[in-house]
Each structure stands twice: as C-alpha cells, then as structure tokens.
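Architecture at a glance
Spelled out, the chains give:
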Amino acid sequence: MNFQGKNILVVGGSSGIGLSLVKMLHQQDANIYVASRSASEDWPADIQYLQCDVTGNLDRIVDFLPTELHGLVYSVGSINLKPFNRLTEDDFLNDYRINVLGAARIIQQAVKQLRNAGVASIVLISSVAAKTGMPYHASIAAAKAAVEGLAVSLAAEFAALQIRVNVVAPSLTDTPLAHNLLSSAEKREASAKRHPLGKVGQPEDISKLIAFLLSEESSWMTGQVIGIDGGLGKLKTN
Ligand SMILES: NC(=O)c1ccc[n+]([C@@H]2O[C@H](COP(=O)([O-])OP(=O)(O)OC[C@H]3O[C@@H](n4cnc5c(N)ncnc54)[C@H](OP(=O)(O)O)[C@@H]3O)[C@@H](O)[C@H]2O)c1
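In this convention, every chain numbers its residues from 1, walking through the sequence in written order. pLDDT decides what is reported in this predicted model: residues at 70 or higher carry local features, side-chain atom pairs at 80 or more are listed and counted, and totals for whole chains, interfaces and linings draw on all residues regardless. Side-chain descriptors were evaluated using all non-hydrogen atoms of the structure, hydrogens and water having been removed beforehand.

Per an unreviewed UniProt entry, the recorded name for the chain is NAD(P)-dependent dehydrogenase (Short-subunit alcohol dehydrogenase family), and the organism is Pedobacter cryoconitis. The annotation that UniProt attaches to the chain under Sequence similarities (unreviewed entry) is "Belongs to the short-chain dehydrogenases/reductases (SDR) family." UniProt positions are given in the numbering used here, feature names are shortened, and annotations may be inferred rather than shown by experiment.

This is the structure in structure tokens:
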C-alpha cells in the first residue's frame, strides 16, 4: 500500500489504535492530520495536529483540513462496562455522544473535502459487542450498533460521491482504553483464553485492516462491517 500524496485525517490518533495507524500511514508516505485532545510524543515530526474535543465545538476542523481529503478515520471511543441496573441515562448519552455523534459531526465537517478528493474512504470503529451479546456491555453495545447503522446509511448516501464507508469491529485490544481489563497477568490470561485464537488484539492488528480499508486495494468495498476479534464474534470452540 502506498499513501504518497494522500491526505488522511485520524481523529483519536494520539493513542492506541489511532496512534498505531498514524505510524503505519507515515511509513507509507501519507500526509497525516490528527485531531485529539492531547498530542503524542510518539508522533513523527511532520504530523499536522489540531487540539480538539469531539464532544465540543468542531468549527475549527474545516480550516484545519486540506482542500482534498482522501481518508477519514474516527478512532475515538469508550469502554464503559456496568451491570444494566447501574447504567444511568448519562452513561448512555455519553457513550452515544463520543462514539456516534462525534463521528457524525466530524464527517459533516469533512464531507466537502472528501468530495474534493474525487475518491475517498471513511473508516469507523465498532466493537465485537455490537453483535455478540456480552454482560455489562448494554450502553457501549448500543452505541457501537448505532455506529454500524450510521456507517451503512452513509455508505449508501455517499456511494454516488465515490466516498466509501466501512467499519472494523475489534474485540479486546491492548490499548490504554482497555488498561483496566488487562491490568494483571491473571486478567490478561483470562481475556486471551476467551478468544478462540488464544490472544487479545494488538493495535497493529486493527490498524493494518484500517489502512487496507483506506487504500485503493479495497476500492470496491463499501458498507461493510468487518470483525477483527480473534474469532470471538463468530466461533464457539469450547
Ligand atoms: N481497545 C479495545 O479493546 C477496543 C475494543 C473494541 C473497540 N475499540 C474501539 O477502538 C477505537 C480506538 O480505541 P483505542 O483502544 O485505541 O483507545 P485509546 O487508546 O484510548 O485511544 C482513543 C483516542 O481517542 C482520543 N479521544 C478520546 N476522547 C476524545 C475526545 N472527547 N475528543 C477527541 N479525542 C478523543 C484519545 O486522545 P486524547 O485522550 O488525546 O483526546 C485517543 O487518541 C475506539 O472507537 C474504541 O471504542 C477498542
């Protein structure tokens, strides 16, 4: 894959999957634009950065973006796991705001630039929990199912504009967001065992798929939700 001359916006590119993607795209010569609340010391020097909270005012995104935008990745999310009877209205609204509204509002700001590119690709991130029932996931699963609904709807609406929209749906991946779930050797082992392939995901597992979906290699794919979950979402092995 070669991203030379391609302008890619990674929202949430300061950590975890987004950071891994930024490094990968940089090696493939992309021009990278990152929006997040904080900067990362791990970025290559020539990253364009906008400090931005996706739950706040997004007006500055338009001026930040180049005239032509070839790719947009929304790698912002939450893991808010609680028994159903402890979930508050604010929990549901917060997960929806971060995962769904944030993505929708960013895309609204960037549609013109995506159109200007002639051919463009958007990648959103769901979760294995959107389609595989798991205890304590009611709020995040509802929000991620909405991300998938948003994506297929936009894929249809944008197809004639040559803007593709696809989703990756990871299971537990070793990032700062998942820190509490992987904070001891016992937790890591139990989490690994729940996956048919016997391990949790690494950020690079997910960012490689995202890079493929951004690239021309996937130019006939749109409206897809692709599980990347060590088999957890589809297989029953014990
Ligand atoms: N890790 C997993 O196990 C897992 C599993 C399934 C799905 N996912 C999904 O994968 C995506 C990436 O997650 P990750 O694990 O890579 O998480 P992460 O390491 O916490 O990274 C999240 C990124 O989003 C940014 N961000 C968070 N809140 C923001 C806000 N309000 N405004 C702007 N930027 C914000 C963070 O940067 P700042 O803090 O600097 O703002 C960071 O760059 C998310 O959609 C998540 O739901 C992750």
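Next comes the rest of the write-up.
**A word on the pairing of strand β1 (residues 7-11)**
For the exposure calls, accessible area comes from a 1.4 Å probe over protein chains only, and a residue counts as buried if that area is under 20% of its type's maximum, exposed if over 50%, partly exposed in between. Strands are runs of DSSP state E lasting at least 2 residues, helices are runs of H or I lasting at least 4, and numbering of each runs from the N terminus. Across the five residues that make up β1, a large majority, five, are buried. Here β1 shows two buried faces, one formed by N7, L9 and V11 and the other by I8 and V10. Pairing geometry for β1 and strand β2 (residues 31-36), over five bridges, is parallel. In the strand pairing of β2, N7 is matched with N31. Where the polypeptide runs from β1 across helix α1 (residues 16-27) and back to β2, its parallel neighbour, the crossover connection is right-handed. As judged from the four bridges shared by β1 and strand β4 (residues 71-74), these two strands associate in the parallel manner. Paired strands, as defined in this entry, are two strands with at least two bridges between them according to DSSP. With the strands pointing away from the viewer, any crossover whose connection runs clockwise from the first strand over the helix to the second is right-handed.

**Regarding the packing of helix α3 (residues 89-116) against helix α4 (residues 138-158)**
In this analysis, axes come from line fits to C-alpha atoms, helices being fitted only over the stretch in contact, and the angle between any two N-to-C directions falls in the range 0 to 180 degrees. Orientation of α3 relative to α4, taken along the N-to-C sense of each, is 20°, at an axis distance of 7 Å. One finds that α3 runs roughly parallel with respect to α4. Relative to α4, the crossing made by α3 is right-handed. Residues D91, F92, D95, Y96, N99, V100, A103, A104, I107 and V111 of α3 form the contact with α4, whose participating residues are A138, S139, I140, A143, K144, A146, V147, L150, L154 and F158. Three residue categories are used. Nonpolar comprises Ala, Val, Leu, Ile, Met, Phe, Trp, Tyr, Cys and Pro, charged comprises Asp, Glu, Lys and Arg, and polar comprises the others, including Gly. A per-class count over the contact of α3 with α4 returns 15 nonpolar, two polar and three charged. Angle categories are assigned with fixed cut-offs, so that under 35 degrees is roughly parallel, over 145 is roughly antiparallel, 65 to 115 is roughly perpendicular, and the rest are oblique. Crossing handedness: left-handed means the near helix sits turned counterclockwise from the far one by under a right angle, and right-handed means the same turn made clockwise. Here, two residues are considered to be in contact whenever any of their heavy atoms come within 4.5 Å of each other.

**A word on the UniProt feature "domain: Ketoreductase" (unreviewed entry) in the chain**
Following the UniProt record, one finds the feature "domain: Ketoreductase" (unreviewed entry) at residues 6-180. From the first C-alpha to the last, residues 6-180 spans 36 Å; its make-up is 38% helix and 19% strand.

**Quick notes on the site of the ligand**
One heavy atom within 4 Å of a molecule or strand is enough for the residue carrying it to be called near that molecule or strand. Residues in close proximity to the ligand total 29 residues, the closest being S14, S15, R37, S38 and T175. Between S38 and the ligand, the recorded distance is 2.5 Å, taken from a side-chain N or O atom to an oxygen atom. Polar contacts, as used here, are pairs of N or O atoms within 3.5 Å; protein pairs need one atom able to donate a hydrogen and one able to accept it. Residues neighboring in sequence count only if both atoms are side-chain atoms. Contact distances for the ligand include 2.8 Å between an oxygen atom and a backbone N or O atom of T173. Under the convention used here, a 1.4 Å probe and the Shrake-Rupley method define accessible areas, while residue burial counts only the protein chains that appear. Calculation on the ligand without its partners gives an accessible area of 880 Å², and the protein chains cover 91% of this total. The residue inventory of the shell around the ligand, partitioned by class, reads eleven nonpolar, 15 polar and three charged.

**Things to note about a nonpolar patch on the surface**
By definition, no residue in a patch forms a salt bridge, and every one has over 30% relative accessible area; like charges are joined within 9 Å, nonpolar side chains (Val, Leu, Ile, Met, Phe, Trp, Tyr) within 5 Å. Each salt bridge in this description consists of a side-chain nitrogen of Lys or Arg and a carboxyl oxygen of Asp or Glu lying within 4 Å of one another. Together, I79, L81, Y136, L177 and L181 give the surface a local cluster of nonpolar side chains, amounting to about 430 Å² of exposed area. As for its position among the elements, Y136 is in the loop between β5 (120-125) and α4.

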